Amino acid sequence: MSAVTTKLVKDCANNTDNLNISEQLKHKLKTHYSNNLYRSRLQFIKNQQPEQKGKLNFCSNDYLGFANNAEIIKKTQELLPILGTGSGASNLICGYHTIHQDLELLIANLVNCEQAILFPSGYMANLAIADVLLNLNTNTIAIHDHNNHASILDGSRLANCKMTRFAHNNTEHLNLLLNKYNNYNNKFIFTESLFSMDGDFAPLTEITNLLNDNSVLIIDESHAFGVYGNNGQGLAHQKTNTKKNKLIMGTFGKALGSAGAFVAGPKLFIESLIQFARTYIYTTALSPIATMASLEAIKLNFQRPEYREKLFDNIHYFCLNLEKTGFSSPALVSPIQPIIIGDSKTCIKAADFLNRHGIIVTAVRAPTVAKNKARIRITLSAKHNINQIDHLLNTLKKLKTEILNSSI
Ligand code: PLP
């Protein structure tokens, strides 16, 4: 924590009565700090490189190493003078460029949907889906997997509809809720395909089997897009046999190493997003440079399966050896490998220990995950080499024997 933050936290120690606005904020921060939930931002020097200030980065979502890929940078640089740095306006004024349409067409084709639309971020894409679909009619229900990302949940919280959650990946519970709320005209089911904090997979085929004419499935492929499926198309296409009542959302800020997001689905739905989504209409369109970088990243992923192969080699190597560290492996073939610690205080201690031993990871705590499920979220990338993964594994072993065993 910086000196300024330490002072702020100290200053607010005694102010609890008759609070003015500043004092209320200080009090809130203090409570947050005492609950071991205070976050500080790491300052990176070389964008998402595996080594940062002599430490190894094992917490980035740059799964394929595309954020610093020389070929993508070169192609994007070449077109920079033509594209310019900014889109200049919102999409419905004059911010929609040919490069946006090129990427939309490429994505619609890749994920096998009729049409796609781009957003400046995945958060905005998720808000847009909820804004347009959940406010269609008041007889609407949003049914979420319990572990859905905040951006998926927030859209439903803001919408004028009933919202409920099914137990994580539990299709029996989902079916129960669908029957219970059968009186709702419009039913929207939301899930991630690869869960961001658990690294596990949604039972997409089983969920799809529960759909009918009045229900739509929305799949957030943020962490799977670029990594899984043919040419990185994600998991939704392979695991769902419906086209008409399915929307796919994905981000460019993770495996593609860029920024922005897409929603793909039936033409009718995408046209409705263009016309009605407030996070599409009332914001400057996605930067042409980020769009270009995403387009080049998708093309590179087509041409060079070796990036994905390297990532999966690293995942297999890590999973194969994790048990030797004393932590049990969830054996997920996933770039996201959570080490569940439990309480927030021990989790911070564990992250600090790894940091002191040259490993950058973050302690993921409530409200991102359940209160008693604080975790070290390790992410693997194609850019890691075996020596670096060995260093991580050896340090995890030390963490288990020197810190965790003594604190339990
Ligand atoms: N959905 C999921 C599952 C995510 O993990 C994230 C990012 O953390 C988002 C959506 C938001 O995407 P973006 O970072 O592009 O806003």
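A.B. asks: Describe the pattern of salt bridges, naming the residues involved and giving the relevant values.
C.D. replies: Side chains that carry opposite charge are capable of pairing whenever their charged atoms lie near each other. Going through the model one piece at a time under the given rule, you end up with 8 salt bridges. In this structure, Lys74 engages Glu78 in a salt bridge whose closest nitrogen and oxygen atoms are separated by 3.1 Å. Of this pair, Lys74 and Glu78 both sit in helix 3 (residues 70-83), 4 residues apart, which is roughly one turn of that helix. Put simply, Glu296 and Lys299 hold a salt bridge, and the shortest N to O gap is 3.8 Å. Note that Glu296 and Lys299 are positioned in helix 13 (residues 288-303) at a spacing of 3 residues, about one turn of the helix. For Glu296, a relative accessible area of 8% corresponds to the buried category.

A.B. asks: Outline the site of the ligand, listing residues and values.
C.D. replies: Taken together, 13 residues are adjacent to the ligand, and Gly122, Tyr123, Asp220, His223 and Lys254 come closest. In this structure, an oxygen atom belonging to the ligand sits 3.0 Å away from a side-chain N or O atom of Lys254. Computed on the free molecule, the ligand has an accessible area of 390 Å², of which 80% lies beneath the protein chains in the complex. Element by element, the count of residues in the shell around the ligand is highest for helix 6 (residues 122-133), at 3 residues. Among the residues forming the shell around the ligand, the class breakdown is 1 nonpolar, 9 polar and 3 charged.

A.B. asks: Got a sec to walk through the packing of helix 6 against helix 7 (residues 150-158)? Specific residues and values, please.
C.D. replies: The packing of two helices is summarised by the inter-axis angle and the distance between the axes. Contact geometry of helix 6 with helix 7 gives a least axis separation of 8 Å together with a crossing angle of 35 degrees. The chirality of how helix 6 crosses helix 7 is right-handed. Only Ser151, Ile152, Asp154, Gly155, Ser156 and Leu158 of helix 7 make contact with helix 6, whose side of the interface consists of Tyr123, Asn126, Leu127 and Ala130. Counted by class, the contact of helix 6 with helix 7 contains 5 nonpolar, 4 polar and 1 charged residues.

A.B. asks: I'd love a proper account of the sheet that holds strand 4 (residues 140-145), names of residues and values included.
C.D. replies: The strand order across the open sheet built from 7 strands is 3-9-8-7-6-4-5, with neighbouring strands paired in mixed fashion. Each edge of the open sheet carries a strand with a single partner, namely strand 3 (115-119) and strand 5 (162-166). With strand direction ignored, the average angle separating the axes of adjacent strands in the sheet is 20 degrees. Alignment of strand 8 (residues 246-251) against strand 9 (residues 261-265), held across 4 bridges, turns out to be antiparallel. When the bridges of strand 9 are listed, Gly250 appears paired with Phe262. Running at roughly 160 degrees to strand 8, helix 6 makes contact with strand 3, strand 4, strand 6 (186-192), strand 7 (215-220), strand 8 and strand 9 of the sheet.

How each quantity is defined
- Residues numbered from 1 in each chain as written.
- Predicted model: local features only at pLDDT ≥ 70, side-chain atom pairs only at ≥ 80, totals over all residues.
- Heavy atoms only, no water.
- Salt bridge = Lys/Arg side-chain N within 4 Å of Asp/Glu carboxyl O.
- Helix = DSSP H or I, 4+ residues; strand = E, 2+ residues; numbered from the N terminus.
- Buried < 20%, exposed > 50% of the residue type's maximum accessible area, 1.4 Å probe, protein only.
- Near = heavy atom within 4 Å.
- Polar contact = N/O pair within 3.5 Å; in protein donor to acceptor, adjacent residues only side chain to side chain.
- Areas by Shrake-Rupley, 256 points an atom, 1.4 Å probe, with all protein chains shown as cover.
- Nonpolar A, V, L, I, M, F, W, Y, C, P; charged D, E, K, R; others polar.
- Axes fitted to C-alpha atoms, helices over the stretch in contact; angles between N-to-C directions.
- Left-handed = near helix turned anticlockwise from the far one by under 90°.
- Contact = heavy atoms within 4.5 Å.
- Pairing = 2+ DSSP bridges.

Function cannot be read off these values alone, since they describe shape.
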